[in-house]
Amino acid sequence: MGLEDLYQQIILDHYRKPRHRGELAAPSVEVDHNNPVCGDQLHLEVRLEDGRIAEVGHTGDGCSISQASASMMSEAAVGLPVDDAMELIEHFRLMMHREAEPDEDRLGDAIALEGVAKYPVRVKCALLSWMALKDALQTHTATTER
Ligand code: ZN
């Protein structure tokens, strides 16, 4: 099996069995993002505890890339300190714009989305959940710091 096929399998697996799908009992912050080009819609909830991402929950509808990406992002983000999560989001963004060599240790299964960078119209699908997480973390910081 080639690398592209393997990545396709990983994307399909996350699409069919999304991780961290659902709503949280007590989210610290929630955001709604959508990608009108494709019709992807995402509702993201995050619970923060002691400066770390304790829980992530996502709901919504969209194409296989956006759904799989939300699952992969959630898996990669849970447990991270907010600062590390912000760095990881930027790393993922750069990967999708082919401006960074993907770091598999940090990305986990999200490295499988690397191939999507070849299709500019799909890049926004892959980025949707990551930009939603960035927004959620920034919103939370803005509302808790004075
Ligand atoms: Zn899409």
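Refer to the structure presented above.
Predicted, not measured: the structure shown is a model, and the values here were computed from it.

Caption draft 1: Quick peek at the coordination of the zinc ion. Coordination of the zinc ion by the protein involves Cys 38 (SG), Asp 40 (OD), Asp 40 (OD), Cys 63 (SG) and Cys 125 (SG), with metal-donor separations of 2.2 to 2.7 Å. Donor residues binding the zinc ion come from one chain and are separated in sequence as C-x1-D-x22-C-x61-C. Residue Cys 38 is found in the loop between β1 (29-35) and β2 (40-49), and its partner Cys 125 is found in helix α5 (residues 120-144); the two are separated by 87 residues along the sequence. You can call Cys 125 buried: its relative accessible area is 1%.

Caption draft 2: Region of interest: the packing of aromatic side chains. Overall, the coordinates contain 1 aromatic pair when judged by the stated rule. Seen in terms of ring centroids, Phe 92 and Trp 130 are 4.0 Å apart; in terms of plane orientation they differ by 5°. Their pairing is stacked. Of this pair, Phe 92 sits in helix α3 (residues 82-96) while Trp 130 sits in helix α5, placing them 38 residues apart in sequence. Take Phe 92 and Trp 130: they sit in the same class, and that class is buried.

Caption draft 3: Structural context of the pattern of salt bridges. As enumerated under the stated definition, the model contains 7 salt bridges in all. Between Lys 118 and Glu 4 there is a salt bridge whose closest N-O contact spans 2.5 Å. In this pair, Lys 118 is assigned in the loop between α4 (104-107) and α5 and Glu 4 in helix α1 (residues 3-16), connecting sequence segments 114 residues apart. Its relative accessible area of 51% is what places Glu 4 among the exposed residues. A salt bridge links Glu 90 to Arg 93; its shortest N-O distance comes to 2.9 Å. Residue Glu 90 and its partner Arg 93 are both found in helix α3; the two are separated by 3 residues, about one turn of the helix.

Caption draft 4: The arrangement of the side chain of Ser 69 in detail. Take Ser 69: it is sitting in helix α2 (residues 64-77). A polar contact of 2.6 Å, which involves the side chain of Ser 69, links it to the backbone oxygen of Ala 126. Residues within four places of Ser 69 in sequence aside, it is in contact with Phe 92, Leu 113, Cys 125, Ala 126, Ser 129 and Trp 130.

Caption draft 5: Representation of the sheet that holds β1 in the model. Across the sheet, which stays open at both edges, the 3 strands sit in the order β1-β2-β3 with antiparallel pairing between neighbours. Sheet topology places β1 and β3 (52-61) at the edges, where each strand pairs with a single neighbour. The sheet shows a mean angle of 20° between the axes of neighbouring strands, taken without regard to direction. Judged from the 7 bridges that link them, β1 and β2 form a sheet pairing that is antiparallel. Paired with Val 29 across the bridge in β2 is Val 46. The strands that α2 touches are β2 and β3; relative to β3, the one it contacts most, it runs at about 170°. Against the sheet, α5 contacts β1, β2 and β3, and its axis sits at roughly 150° relative to β1.

Rules of the game
The numbers attached to residues start from 1 for each chain and follow its sequence in the written order. At least 70 in pLDDT is required for a residue's local features to be given in this predicted model, at least 80 for side-chain atom pairs to be given and counted, and no such filter applies to totals for whole chains, interfaces and linings, which use all residues. Hydrogens and waters are ignored; side-chain quantities use all the structure's heavy atoms. The donor definition counts N, O and S atoms within 2.8 Å of each metal and applies 3.2 Å to Na, K and Ca; water is not among these atoms, so some sites may look incomplete. Note on conventions: DSSP H or I runs of at least 4 residues are helices, E runs of at least 2 residues are strands, and numbering of each starts at the N terminus. The classification of residues rests on relative accessible area computed with a 1.4 Å probe and restricted to protein chains. Under 20% of the type maximum is buried, over 50% is exposed, and intermediate values are partly exposed. Two rings from Phe, Tyr or Trp (for Trp, the six-membered ring) form a pair when their centres sit within 6.5 Å of each other. Planes less than 30 degrees apart are called stacked, planes more than 60 degrees apart edge-to-face, and all others tilted. A pair is scored as a salt bridge if a Lys or Arg side-chain nitrogen falls within 4 Å of a carboxyl oxygen belonging to Asp or Glu. Between N or O atoms, a polar contact is any pair within 3.5 Å; within protein, one atom must be a potential hydrogen donor and the other a potential acceptor, and residues adjacent in sequence are included only when both atoms are from side chains. It only takes one pair of heavy atoms within 4.5 Å for two residues to be counted as in contact. Pairs of strands are assigned from DSSP output, requiring at least two bridges between the strands. Every axis in this analysis is a line fitted to C-alpha atoms, fitted for helices over the stretch in contact. Angles between the N-to-C directions lie between 0 and 180 degrees.

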